[in-house]
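Fold and contact review
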Amino acid sequence: MDPECSRLLPALCAVLADPRQPMTDDTCLEKLLDWFKTVTETESSLLLLQENPCLVELLSQALKFQDVSSRILSFSLRLAGIFAAQENCFQFLQQGELLLGLFGEAGPLGLPAWNVPSVRSGWIQGLCSLAKHPSAEQFLVDCGAVDTIFSLQGDSSLFVASAASQLLVQVLSLSIQGRATPHLGSSDGDWPSCAQSIVGYLEESLRSGATPQITQALKVLTTTFGRCHHSWTEALWMRLSPLVTCLLEKDTVPTAHSLADLFLSMARSPTFGSSDCDLWVTLAQTLSCLSPTQAGPLALGILKLHVCPQALKTQAFDVLLQPLACVLEAAAQVPGSSGLPDGTGSNPTMADALLASTSSCAALLCQSLAHLGELQALPHSPRPWPQVLLLEATVMTLRFCSGSAVPISSVGGRLCGILASCIRVQRAALDFLGMLSQGTGPQESVTQVFAILLEYLRSPESSPTVLKKAFQATLRWLLSMSKACGSNNPDPHTQPFLRELFPVMQKRLCNPCWEVRDSALEFLTHLTTHWGGQPDFRQALLASDVPELTQQLLQDPEAYVRASAVTAMGQLASQGLHATPSGPEHPGAKQSLPQELLHILSLDSEGFPRRAVMQVFTQWLQDGHPAMAEDLEQFMARVFQVVSRDLDWEVRVQGLELARVFLAQTLGPPDCPYAVALPAATPPTSPAEVLRTLGRVQLLEFAFRALFDCDRPVAQKSCDLLLLLRARTAPGGGLQGAECNPEAVTVEAALRAWQAGEQGQPLGELVPEVVVAILRTLDLEGLQATLAESSDHVEQSPRSLLQDMLAAVGALGGHEADCY
Amino acid sequence: MKLYCLSGHPTLPCNILKFKSTTIMLDCGLDMTSTLNFLPLPLVQSPRLSNLPSWSLKDGNAYLDKELKECSGHVFVDSVPEFCLPETELIDMSTVDVILISNYHCMMALPYITEHTGFTGTVYATEPTLQIGRLLMEELVNFIERVPKAQSASLWKNKDVQRLLPSPLKDAVEVSTWRRCYSMQEVNSALSKIQLVGYSQKIELFGAVQVTPLSSGYALGSSNWVIQSHYEKVSYVSGSSLLTTHPQPMDQASLKNSDVLLLTGLTQIPTANPDGMVGEFCSNLALTVRNGGNVLVPCYPSGVIYDLLECLYQYIDSAGLSNVPFYFISPVANSSLEFSQIFAEWLCHNKQTKVYLPEPPFPHAELIQTNKLKHYPSIHGDFSNDFRQPCVVFTGHPSLRFGDVVHFLELWGKSSLNTVIFTEPDFSYLDALAPYQPLAMKCIYCPIDTRLNFIQVSKLLKEVQPLHVVCPEQYTQPPPTQSHRMDLMIDCQPPAMSYRRAEVLALPFKRRYEKIEIMPELADSLVPMEIKPGISLATVSAVLHTKDNKHVLQPPPRSTQPTSGKKRKRVSDDIPDCKVLKPLLSGSIPVEQFVQTLEKHGFSDIKVEDTAKGHIVLLQEAETLIQIEEDSTHIICDNDEMLRVRLRDLVLKFLQKF
């Protein structure tokens, strides 16, 4: 331990033990515990206690329960646990009967403080830290802690209950560890006494018939099997399995969720997964006797297992497919003609669950769709993957939701009524439909997919969130189609779809709901990015009003929409697709797009549109967009002037990014010895010329000012930029700096003023020599290193923590508390 | 309790409820869909309409030439439009005591009922309902009267002729009862019979029932009605809405515990959600105007138009429509816009609070102030000077058969740049457009109907739990065009009772109790006896006095000597004979104890037999039977009166007398 900390510790312990000085900040105590944990990981706890007797005093103070606040009591319990984790320290503390006092029956159990959940939690966490060595096991038995842990499992505080369950697992494994498994026969005598009492308790709980008790016992088993992979877990299972499987025989399984968790935890454990115990049979049995909603998560878990019999996987996959199979069955014109694999459809329980109510139907379908979506993304997704069936079922679900399905069967009619305008299912189905775009499908199915997507995009009934999902799914399908057909070979679905799409987009861009306008713009940006170069796309887009409407949305009252419109316009302009400003219907008035964006950058009151403008400018500059090429320097100067005054640090960072790109372009490619030598079109610009250009566009002033920005990312970015500049313009030799130049002195003075947080005067025109001099003078590396450290690195030290805690209660006298 | 159903239109109801001794008409809706069979009334001479070919029967008989014209395959009656009235033959209207109006759309047939049927009762409605209802009637009369039409066709109505006509004329019902529009004089006279009421105000009808209007959330001043006696409650739910638009929210709680809930006026477009439709309306409007086209919105002068204007107020700037003029043309446009701002107490909470700021509750005031919205009584006069295109015009009538809308359809119909957007759900837009075909103008159908949909109804019914639901037959089956949508109907237990036009329903519940008051002095004289814990009984002798449906028990008059002077007794003086009454008995006889008592009194050889209804105690020696049943005790012995009296006294010991 840091000697300085050792010095501060007695005062702190005194403060903590003093009931008149209540410690109000819990986070300090947490940090203190973290620190002690780190210290004891590397140092001997015993030594620590011996060198700092104040700590033992603090712990003994906690024994005087009446005087201690519940906060300090909980803290002391946890601290004692941390120290007692080392066996010699445990012994040391035991000698003073300190541990028995804290954790034993004479401890806080009977006191009013025990009613405070944090005290119970502290007691459990203390024991959790402590239960690491054989002496601890005996201690737990002696102090009667095990029974308390049992009762805490049903605690009213969920945190306490869950921690108690974890502790029980730890105690069980502590008690059994090291014993030879073969001795753990079925007779009670073979089990260590502590383990025996826990196992007995579990048996009793499982037999009790009361759902909360059974759930607790199952949770303990789940954690045990999940955490310990020793062979004794198998013996434990052998002993308890009859009781657990009994639970499955009831008509409705009350603890289905916990049972599923238990079996999955076992299946993941190497102890059970590989052995030939009847776990797989049990899992199959469980799958078939749980209700459809309960079986879903179990089926997903089974399908995610790496090791699992194929038959069980097939059964689990069927469970997930069944709701969708039911949908297809309900939609079939002739019963039984849905073309499903045998055993998938016509499950009466499934139909009942689907038709019971809107909420149960939506829950089941959403669960099934989400699980299938999750599976599809896995590298080992089930094979064969019924892509066509899933496509059809998803499309049909969406048609039921939109009311466009016209089923003949009565089940179909009811499903139609239940699912009509169910937004939850619509969102889930559209998500899943989007995921299905990764696979292909027969022409017919793909036509259906595009038809339903268009229906959703077009329907005034689609809510904004549903519409967003529809846009996302559409994009994924368009991408997958173009990928499948290759760029030269236009896909037969895309073209007619695009023709229909733009009138819909027009309407969406005029929607009174801003979320709709926003997602339509985002969609347009993506479309343009991917297909902006394709003649058919360009033709369809330009034939519509979409570009004009997008430009108009630059003035939208909603900031998010303006930002999206800026991005979309940027993309359209990159591809030469934006509306010509001087159309006959917009006489005069309109300015060019770069000017309009600059206007937004200077005047928009919200950050989002301004950030979007900076991104567009950066993109344009990178791509060499013609709009930028014209009078570039003057334009950049204007941008840097505006951006350096921006109040939003993200905009300033974006500005520096733009500066970096501009700098890189002005400097030309770096001299790389291995670069393929291209015939240089233009001779490389001289460093002095570069610096003069940078000065003219106000980049230098912006960068220097940003170097001392109060927002760290801005300063960091500027530092990197200037380092690059220095490396390329003022390396060792080359331009001579003018250190003693009076101008340089003035500039340095200005920089110092900025660093001190003063506004200062603009730097004015900078001579290259002066710039080089300043770049050399500035300790950019030092600055970079300082900035790289997080701003609170000083405050996070333990010493600072102790000082702060003392300062908070005024124990440090005149020392001023810093805001921690 | 009976319900006479006079209208088959589910959203324009007209029913009569006979409840206790009252006859109450619930709403007075006028079915205007009949006007769709007529040619439009053009404001200015329309060569197209006047040159339409005549339609004649297949046999070449031309006597219908003057009455029927053909346009794009449809046949129309060339005459003053006529309306389909509620049934007036089913019940004598002069017996109707009161008419309860639930909203301004449901009172349009009022003049027909109050002026021509011998009706002498009172009409109850809220103030906005009266005022806006007056505006709607005034507009209707104005639309029809300002285009006088000489001809009134009647030949086609002949039953033999009608069945030879093409659909839909052939299928039109009760054409003989169709009537021309009423006059302003009739309107004024009808409206003068209205008595104004406020929400939750209790109105006594002849002491028999109490009626109360409740806010229904659908339109300014719209109400549902609760009709209740002391022991029965009937709720009448007409057009109601749970959406947050401009009116006060619906009062659901007061509908609880109804014996019968009469449910009418649900949404006519159950599959369209008003929010989506408003979005569709705005985007189509913006797209049309951007392309230089004009937008025509056929509408009523009050109601949804307020919400549309509010929505546009927020929307026009974002859509870059600030310079596009909005015109609202109706003879009552000005009054409608101004009335809406003064009914603060009938508005939703948000709008009410604005009044205290003080600000106008509806933002259309600002639209008018900034000259973005202009209103005119008609296309003649100032409007023609100010008219600028492209523009948006709100005008009536939604049937497209009369009003200024006819002119705009003729004017703009030929260009595909223009759009007509239908927002009122009352008329089929295809039928409404039929006489204008072929039409190049774009047509958008965005029906905005904020009334309850079936999901909301099922929630409402769960909430208020009526014993019986009665509704138009249309609500008990899915719509004919979507027969698989079982969710688009009322689903409740017990199943709803349905009615159709001209049907009389006996409502499925019987009145069982009547409240009677006891005069204090009579009550004082009663001596209650507790016969079971919590239940006391007392005998009452009194005179039942019934007047104005109120029943009072008064103390019996002292038996005064009959006055000798008068020979004829007046009926009211007739005093019932008050005989000395035997005491009433109550209680039950415990058999075992009874047997013990008998034994104590010297009877022996007693045998008890159990029967289905009680017991028989056999006194074998005395050859006597005592039959003890739940509600009677018989002592059967042969001519031994002494024994019978002895036994009777023993039995009576176990019973209470009072």
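Residues numbered from 1 in each chain as written. Chains lettered and ligands numbered in written order. Predicted model: local features only at pLDDT ≥ 70, side-chain atom pairs only at ≥ 80, totals over all residues. Heavy atoms only, no water.

A closer look at the overall build of chain A
Assigned secondary structure in chain A consists of 43 helices and zero strands. Residue burial in chain A is summarised as follows: out of 820 residues, 53% are buried. In chain A, the share of contacts with a sequence separation of at least 24, taken over all contacts with a separation of at least 6, comes to 71%. (Helix = DSSP H or I, 4+ residues; strand = E, 2+ residues; numbered from the N terminus. Buried < 20%, exposed > 50% of the residue type's maximum accessible area, 1.4 Å probe, protein only. Contact = heavy atoms within 4.5 Å.)

Here's the deal with the packing of aromatic side chains
Residues and elements named next belong to chain B. One pass over the full model with this rule turns up 37 aromatic pairs over all chains. On the basis of an interplanar angle of 45° and a centroid distance of 6.2 Å, the ring pair of Phe 38 and Trp 178 is categorised as tilted. Here Phe 38, found in the loop between β3 (22–26) and α1 (47–50), pairs with Trp 178, found in the loop between α4 (159–162) and β9 (179–180); they are 140 residues apart in sequence, far enough to count as distant. Centre to centre, the rings of Phe 454 and Tyr 475 are 6.1 Å apart; their planes meet at 80°, and the pair counts as edge-to-face. With Phe 454 in helix α14 (residues 454–464) and Tyr 475 in the loop between β22 (468–472) and β23 (497–499), this pair connects stretches of sequence that are 21 residues apart. Across the pair, Tyr 475 and Phe 454 agree in class, each one buried. Among the aromatic residues, ring-to-ring pairing joins Tyr 327, Tyr 376, Phe 383, Phe 387, Phe 408 and Trp 412 into one connected group. Over the ring of Phe 362 we find Lys 351; its NZ or CZ atom is 4.9 Å from the centre of that ring. (Phe/Tyr/Trp six-rings, centres within 6.5 Å; stacked < 30°, edge-to-face > 60°. Lys NZ or Arg CZ within 6 Å of the ring centre and 35° of its normal.)

Description of the pairing of strand β17 (residues 326–329) of chain B
Residue and element names in this part refer to chain B. Residues Phe 326 and Phe 328 line one face of β17 and the alternating positions Tyr 327 and Ile 329 line the opposite face, and both faces are buried. As judged from the four bridges shared by β17 and strand β18 (residues 373–376), these two strands associate in the parallel manner. In the sheet register, Phe 328 faces β18, and the bridge partner there is His 375. With four bridges connecting them, β17 and strand β19 (residues 392–395) associate as parallel partners. Bridging from a neighbouring strand, Tyr 327 pairs with Val 393 of β19. (Pairing = 2+ DSSP bridges.)

With respect to the interface of chain A and chain B
By a widely used convention, the size of an interface equals the accessible area lost when the partners come together. Each partner contributes residues to the interface: chain A has 23 residues there, and chain B has 23 residues. Taking both partners together, chain A and chain B bury about 1900 Å²; carbon and sulfur atoms supply 55% of that area. Counting across the chain A and chain B interface gives one salt bridge. A salt bridge links Glu 280 of chain B to Lys 507 of chain A, with the shortest nitrogen-to-oxygen separation between them at 3.0 Å. The interface formed by chain A and chain B includes six residue pairs in polar contact (both at pLDDT 80 or more). Elements represented by at least two residues in the side of chain A that touches chain B include exactly α23 (410–419), α27 (494–509) and α30 (546–552) of chain A. Residues that form the side of chain A that touches chain B fall into these classes: eleven nonpolar, six polar and six charged. (Buried area = accessible area lost by both parts, 1.4 Å probe. Salt bridge = Lys/Arg side-chain N within 4 Å of Asp/Glu carboxyl O. Polar contact = N/O pair within 3.5 Å; in protein donor to acceptor, adjacent residues only side chain to side chain. Nonpolar A, V, L, I, M, F, W, Y, C, P; charged D, E, K, R; others polar.)

Concerning the sheet that holds β3 of chain B
All names here are of chain B. What the seven strands build is an open sheet, ordered β10-β8-β7-β3-β2-β1-β24; its pairing is mixed. Every other strand in the sheet has two partners, leaving β10 (194–197) and β24 (503–506) as the edge strands with one partner each. Adjacent strand axes in the sheet meet at a mean angle of 25°, parallel and antiparallel pairs treated alike. Bridge count between strand β7 (residues 98–100) and strand β8 (residues 122–126): three bridges; the pairing is parallel. Residue Leu 100 lies in a different strand from β8, and its bridge partner there is Tyr 124. Its contacts with the sheet place helix α3 (residues 127–145) against β8 and β10, and it is angled at close to 100° to β8. (Axes fitted to C-alpha atoms, helices over the stretch in contact; angles between N-to-C directions.)

What to know about the pairing of strand β12 (residues 209–215) of chain B
Residues and elements named next belong to chain B. A large share of β12 lies buried, amounting to seven of its seven residues. The alternating pattern of β12 places Val 209, Val 211, Pro 213 and Ser 215 on one face and Gln 210, Thr 212 and Leu 214 on the opposite face, and all of these are buried. Bridge count for strand β11 (residues 203–205) against β12 is three bridges, and the pairing is antiparallel. If you follow Leu 205 over to β12, its bridge partner there is Val 209. With six bridges joining them, β12 and strand β13 (residues 223–228) adopt antiparallel strand pairing.

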